[in-house]
Amino acid sequence: MSSSIKIPRGTQDLMPGQVEKWQYVENKIRDICARYNYDEIRTPLFEQVELFLRGVGETTDVVQKEIYRLETKGEEKLALRPEGTAGVVRSFIEKKLYGAANQPQKLFYIGPMYRYERPQAGRFRQFHQFGVEVIGATDPAVDAEVISLAMRIYQAFGLTGLSVEINSVGTIEDRKSHRAALLDVLNPVREELCEDCRSRIDRNPLRVLDCKNNKCQTLTKDAPSILEHLSDESKEHFSTVLSYLEGLGIPYNVNPRLVRGLDYYTRTAFEIKMAEIGAVETLCGGGRYNGLVAELGGEDSPGIGFAFGVERLLLALEKQNIEIPVATGIDCYVAIQTPDAKGQAFVLVDQLRQAGISAEMDYLDRKMKAQFKAADRLEAKFTVVIGESELANNTVVLKEMATGEQQEVPATELAGLLSSKLS
Ligand code: HAM
């Protein structure tokens, strides 16, 4: 016997019941984005692999270990998107949005991303990110708006106890001066660092500071901080971002060791964490990427954004016992008492649906008792019964389930009557 085909590891089927929660979350996010004047953008799920090599960075884990490359007959080398920023920036350049009337461009997206990672709670191979990108402004107020948008969304769902970890990773120039001082500390302990750190030391030594390995942390505890190597402008930018956050009452923790896993960041880098979700405690990550548009061949434009995992938001809500309100139930169930009434019921259900009323009927030739059970399971607010005498008189018996109240009504008046009762 051949074995049955299973869902790929690290992916999920979102089933009825769960999907409604996702829709609720997505709708709420879209509402909040509208208040902040962000417009939705939808870019392809796959792009030329070169976009991610240049955009995200060839030496990052995301590109080196986690990217899904597509095998196709065409000559283009394609990959599933591991994140959203590179695609949005590609589109910004291609659609010449730097010339659009409204600046900065404020965009958001919600959709699936793909990373070949070891699956665990809150970590998937197909996951969904909500993210925003603001392109065309260097103003530190934009950094603070972006961070506060993420926080306000979490707060709107009722989450508490979140912390914003924030750092400035400086400009490329700032990092050059830091790099020399950093290597003076890292080189003597090079052989004692973990394998990942040893491979990162020459390519991007800043990443060594972000290693979660205890031994690496101890070995690098006296490493110079990037914050001591910021230019005056970078310092000013960072302190202005922080003062805007203070103005909004958003608590933060400056973490000079925060270095994000993607290569495009300059200056502001941040993460939002929540202790209760354990191993994967990062809910959200983002930062500024002032060199990315030019790196991808566009007219030099500064950018900043963040993304968070929708699965992680749902996990966080579950951990804090926050229920997502899900509307269930239909308006009306049409029960068929005699097989002759089937045609009449079929037309009636169609009329109700056209009138904006959700309606269902029996397709399994069930007995009345089983049809009423089905109506209960569907949480129908009303049931309609068509029997022989109703068929002859062209009427129906309408019952309101909450009150048990029953009345006979002309079939042609049912939709109008139900509409007024439901409104
Ligand atoms: P990231 O930190 O790689 O940043 O991912 C952002 C968020 O996506 C994470 O904090 C997490 O919530 C979620 N996430 C990442 N990987 C997984 C996974 N395997 N399973 C479930 N959730 C996951 C970025 O992707 C940047 N593009 C963010 C950004 C936008 N920076 C600037 N603009």
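We now turn to the structure provided with this report. (Residues numbered from 1 in each chain as written. Predicted model: local features only at pLDDT ≥ 70, side-chain atom pairs only at ≥ 80, totals over all residues. Heavy atoms only, no water.)

A short note on the packing of aromatic side chains
Line of reasoning, step 1. Using the criterion set out here, one finds 10 aromatic pairs in the structure.
Line of reasoning, step 2. The interplanar angle of 55 degrees and the centroid separation of 6.1 Å between the aromatic rings of Phe 108 and Phe 130 together place this pair among those described as tilted. Of this pair, Phe 108 sits in strand S5 (residues 105-114) while Phe 130 sits in strand S6 (residues 126-135), and the two are 22 residues apart along the sequence. In this pair, the class of Phe 108 matches that of Phe 130, namely buried.
Line of reasoning, step 3. Residues Phe 306 and Phe 308 carry aromatic rings whose centres are separated by 6.2 Å and whose planes lie at 10 degrees to one another, so their mutual orientation is stacked. For the pair formed by Phe 306 and Phe 308, the shared burial category is buried.
Line of reasoning, step 4. Through pairs of rings, three or more aromatic residues link up here, namely Phe 108, Phe 130, Tyr 154, Phe 306 and Phe 308.
Line of reasoning, step 5. Between Lys 28 and the ring centre of Phe 157, over which it is positioned, the NZ or CZ distance is 5.4 Å. (Phe/Tyr/Trp six-rings, centres within 6.5 Å; stacked < 30°, edge-to-face > 60°. Helix = DSSP H or I, 4+ residues; strand = E, 2+ residues; numbered from the N terminus. Buried < 20%, exposed > 50% of the residue type's maximum accessible area, 1.4 Å probe, protein only. Lys NZ or Arg CZ within 6 Å of the ring centre and 35° of its normal.)

Structural notes on the side chain of Thr 220
Line of reasoning, step 1. Among the secondary structure elements, Thr 220 is positioned in the loop between helix H8 (214-219) and helix H9 (232-247).
Line of reasoning, step 2. With residues up to four places along the chain from it excluded, the contact list for Thr 220 reads Leu 186, Leu 193, Val 208, Leu 209 and Arg 257. (Contact = heavy atoms within 4.5 Å.)

Considering a nonpolar patch on the surface
Line of reasoning, step 1. Side chains of Phe 346, Tyr 363 and Leu 364 sit close together on the surface and give an oily, nonpolar patch of about 360 Å² of accessible area.
Line of reasoning, step 2. Locating Leu 364 in the fold gives a position in the loop between strand S13 (359-361) and helix H13 (368-377). (Patch = residues over 30% accessible without salt bridge, like charges linked within 9 Å, V, L, I, M, F, W, Y side chains within 5 Å. Areas by Shrake-Rupley, 256 points an atom, 1.4 Å probe, with all protein chains shown as cover. Salt bridge = Lys/Arg side-chain N within 4 Å of Asp/Glu carboxyl O.)

With respect to the sheet that holds strand S2 (residues 46-48)
Line of reasoning, step 1. Reading across from one edge, S2-S4-S3 is the order of the 3 strands in this open sheet, with antiparallel pairing throughout. Single-partner strands in this sheet number two, and they are S2 and strand S3 (69-70).
Line of reasoning, step 2. Examined bridge by bridge, S2 and strand S4 (residues 78-80) share 3 bridges and lie antiparallel to one another. By the bridge assignment, Gln 48 is partnered in S4 with Leu 78.
Line of reasoning, step 3. Along the sheet, helix H2 (residues 49-57) contacts S2, S3 and S4; its crossing angle with S2, the most-contacted strand, is approximately 80 degrees. (Pairing = 2+ DSSP bridges. Axes fitted to C-alpha atoms, helices over the stretch in contact; angles between N-to-C directions.)

Considering the site of the ligand
Line of reasoning, step 1. Neighbouring residues of the ligand: 27 residues in total, closest Glu 83, Glu 117, Phe 124, Arg 260 and Tyr 265.
Line of reasoning, step 2. Residue Tyr 264 places a side-chain N or O atom 2.9 Å away from a nitrogen atom belonging to the ligand.
Line of reasoning, step 3. In the model, an oxygen atom of the ligand is placed 2.8 Å from a nitrogen or oxygen of the Leu 283 main chain.
Line of reasoning, step 4. A total of 660 Å² of accessible area belongs to the ligand in isolation, and the protein chains cover 95% of it.
Line of reasoning, step 5. Where the shell around the ligand is concerned, the elements lending two or more residues are S6, strand S10 (282-288) and strand S11 (303-309).
Line of reasoning, step 6. Per-element tally for the shell around the ligand: the top contributor is S10, with 6 residues.
Line of reasoning, step 7. Tallied by class, residues from the shell around the ligand come to 11 nonpolar, 9 polar and 7 charged. (Near = heavy atom within 4 Å. Polar contact = N/O pair within 3.5 Å; in protein donor to acceptor, adjacent residues only side chain to side chain. Nonpolar A, V, L, I, M, F, W, Y, C, P; charged D, E, K, R; others polar.)

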